[in-house]
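Descriptive structure summary
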Amino acid sequence: VTTAMSQTNDRQQAVIDALVRAGVDRRDMRTTQVSLQPQYAAPEPTQATGIAGYRSTNGLEIRIHPADAASKLLSLIVSTGGDATRISSVNYSIADDSQLVKDARARAFDDAKNRAQQYAQLCGLSLGKVLSISEATGATPTPGPQPAPRASMAPLEPGQQTVSFSVTAVWELT
């Protein structure tokens with residue numbers, strides 16, 4: 001048990017140290033998993049199943065910015081971690097979407113108001129005061145988990161990121 005955990009911890013620490021030397025801030029790294037599993041030997045017909053060893057796994061999530069540094073840093077992780085390295089996914093997100101959300105909210109409200117005015121006109125009425133407003137932001141779609149190729153420089157494409165917003169408004173009709 002101790003050997004399995006020590007080897008995994010040493011490997012992960014080497015990766016963390018290499019990332020820090022490459023300029024990644026420790027605040028942009030977090031341990032997401034620590035596991036230790038027994039590995040059982042296939043028993044002979046007359047023997048009981050026994051533990052042959054242990055498998056230890058540590059998971060590390062790294063936030064990389066700017067995004068164009070990702071390929072270089074993935075290569076660094078693979079070269080430092082060696083054959084024990086597994087990369088489970090690469091995900092992209094918008095670092096600060098506050099202005100995008102503000103703009104999406106304004107467009108969504110304008111759209112709701114234009115539709116409400118059209119319905120009011122069709123009924124021969126006009127819009128009065130707003131009675132209620134509710135909103136919902138949409139999840140930022142990102143490319144799904146992709147295994148990163150174990151190559152010297154993985155070609156990564158962030159694709160297009162979007163922000164969606166939904167507004168429900170209720171007006172008094174006059």
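Look up a bit, the structure's there.
Rules behind the numbers
- Residues numbered from 1 in each chain as written.
- Predicted model: local features only at pLDDT ≥ 70, side-chain atom pairs only at ≥ 80, totals over all residues.
- Heavy atoms only, no water.
- Helix = DSSP H or I, 4+ residues; strand = E, 2+ residues; numbered from the N terminus.
- Buried < 20%, exposed > 50% of the residue type's maximum accessible area, 1.4 Å probe, protein only.
- Contact = heavy atoms within 4.5 Å.
- Areas by Shrake-Rupley, 256 points an atom, 1.4 Å probe, with all protein chains shown as cover.
- Core = buried A, V, L, I, M, F, W, Y, C linked by side-chain atoms within 4.5 Å.
- Patch = residues over 30% accessible without salt bridge, like charges linked within 9 Å, V, L, I, M, F, W, Y side chains within 5 Å.
- Salt bridge = Lys/Arg side-chain N within 4 Å of Asp/Glu carboxyl O.

Details of the overall build of the protein
Counting secondary structure elements, the protein contains three helices and four strands. Along the protein, helices (α) and strands (β) appear in the sequence α-β-β-α-α-β-β when read from the amino end. A buried classification covers 22% of the 174 residues belonging to the protein. The long-range share in the protein, meaning contacts at least 24 apart out of those at least 6 apart in sequence, stands at 73%. Carbon and sulfur atoms provide 50% of the accessible area of the protein, an area that totals close to 12100 Å².

Let's talk about the nonpolar core
By size, the foremost hydrophobic cluster in this structure holds twelve residues: Val15, Ile16, Leu19, Val24, Met29, Ala70, Leu73, Leu74, Ile77, Val90, Tyr92 and Leu156. For this core, the secondary structure elements donating two or more residues are α1 (2-21) and α2 (70-81). Per element, the largest residue contribution to this core is four residues, and it comes from α2. Apart from residues lying up to four places away in sequence, Leu73 is in contact with Leu19, Ala22, Val24 and Ile64. By size, the runner-up hydrophobic cluster in this structure holds five residues, among which are Val101, Ala104, Ala108 and Phe165.

Overview of a nonpolar patch on the surface
On the surface, Val1, Leu36, Tyr40, Ile51 and Tyr54 cluster together to form a nonpolar patch covering roughly 460 Å² of accessible area. Here Tyr40 lies in strand β1 (residues 29-41).

Quick look at the environment of Ala108
The topology assignment puts Ala108 in helix α3 (residues 98-122). Residue class for Ala108 comes out buried when judged on its relative accessible area of 15%. Separated by 57 residues in sequence, Ala108 and Phe165 have C-alpha atoms that sit 6.5 Å apart. When neighbours within four sequence positions are excluded, Ala108 is seen to be in contact with Phe165 and Val167.

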